[in-house]
There are 2 protein chains.
Amino acid sequence: MDSFHVKILVYLKDGVLDTQGKAVAKSLIDSGYSDLVNVRVGKYIQLWVNAASREDALSEAEKMCDDLLVNQLIEQYEIEIES
Amino acid sequence: MDSFHVKILVYLKDGVLDTQGKAVAKSLIDSGYSDLVNVRVGKYIQLWVNAASREDALSEAEKMCDDLLVNQLIEQYEIEIES
């Protein structure tokens, strides 16, 4: 078993209203960042998993996303793996 | 002015207790993912900014992180820019 560092980006699907992003954008624009067009705020989840191979680590991470980490009604995700 | 898509990863510094990560790890392990070693949960902030150059967009994003987006006492960040 090797140890793998899995980096997962979870963010709202296009078209889903991001109230946190809107609030952050307003704060930044009010602070003078007038060239800001839009902000979206998601989650960055890092996992460390033991697995026999990179493929196993990826498949395990995808299952965790589908089971628990991501609400696929409104969110989508990207996975990147380092060994 | 061009439009740039800035991707920012914000996460707790090593050594700072990540209670959200611990809770997620416990849920995953309780769900049967016994090969999971550790979880850390951070933020994934996407910005769209208008700037004269990639360098200007980066410098603007760094200022936003230092001013508002990142608590540098406990968090660190990485920035990636796409045009």
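Residues numbered from 1 in each chain as written. Chains lettered and ligands numbered in written order. Predicted model: local features only at pLDDT ≥ 70, side-chain atom pairs only at ≥ 80, totals over all residues. Heavy atoms only, no water.

Trainee: Let's hear about the pairing of strand S2 (residues 36–51) of chain A: which residues, and what values?
Mentor: Relative to S2(A), strand S1 (residues 2–12) of chain A runs antiparallel, the two sharing nine bridges. Note that in S2(A) the partner of Asp2(A) across the bridge is Ala51(A). Where S2(A) meets strand S2 (residues 36–51) of chain B, 13 bridges bridge the pair, whose relative direction is antiparallel. Within S2(B), the residue paired with Lys43(A) across the bridge is Lys43(B). (Pairing = 2+ DSSP bridges. Helix = DSSP H or I, 4+ residues; strand = E, 2+ residues; numbered from the N terminus.)

Trainee: Break down the packing of helix H2 (residues 54–69) of chain A against helix H1 (residues 19–30) of chain B for me, with residues and values.
Mentor: The geometry of H2(A) relative to H1(B) is characterised by a closest axis approach of 11 Å and an angle of 105° between their N-to-C directions. As the angle between them shows, H2(A) and H1(B) are arranged roughly perpendicular. Residues Met64(A), Leu68(A) and Leu69(A) of H2(A) lie in contact with H1(B), whose contacting residues are Val24(B), Ser27(B) and Leu28(B). (Axes fitted to C-alpha atoms, helices over the stretch in contact; angles between N-to-C directions. Parallel < 35°, antiparallel > 145°, perpendicular 65-115°, else oblique. Contact = heavy atoms within 4.5 Å.)

Trainee: Pulling in residues and values, what's your account of the sheet that holds S2(B)?
Mentor: Strands pair in a sheet through their backbones, by hydrogen bonds, and they do so in one of two ways: parallel or antiparallel. Read across the open sheet, the six strands follow the order S3(A)-S1(A)-S2(A)-S2(B)-S1(B)-S3(B); overall the sheet is antiparallel. The open sheet has two free edges, formed respectively by strand S3 (75–82) of chain A together with strand S3 (75–82) of chain B, since each of these has just one partner strand. Strand-to-strand twist across the sheet, computed as the mean angle between neighbouring axes with direction ignored, equals 25°. Across the sheet, helix H1 (residues 19–30) of chain A is in contact with S2 of chain A together with S2 of chain B; its angle to S2(A) comes to roughly 125°.

Trainee: Tell me about the interface of chain A and chain B, residues and numbers included.
Mentor: Every contact between the two is made by 31 residues of chain A and, on the other side, 31 residues of chain B. Counting the surface lost from both chain A and chain B, the interface buries some 2,900 Å², and carbon and sulfur atoms represent 64% of this. Run the count over chain A and chain B and you get zero salt bridges. Here chain A and chain B share 14 residue pairs in polar contact (both at pLDDT 80 or more) between them. Only S1, H1, S2 and H2 of chain A provide two or more residues apiece to the side of chain A that touches chain B. Taken together, the residues of the side of chain A that touches chain B sort by class into 19 nonpolar, six polar and six charged. (Buried area = accessible area lost by both parts, 1.4 Å probe. Salt bridge = Lys/Arg side-chain N within 4 Å of Asp/Glu carboxyl O. Polar contact = N/O pair within 3.5 Å; in protein donor to acceptor, adjacent residues only side chain to side chain. Nonpolar A, V, L, I, M, F, W, Y, C, P; charged D, E, K, R; others polar.)

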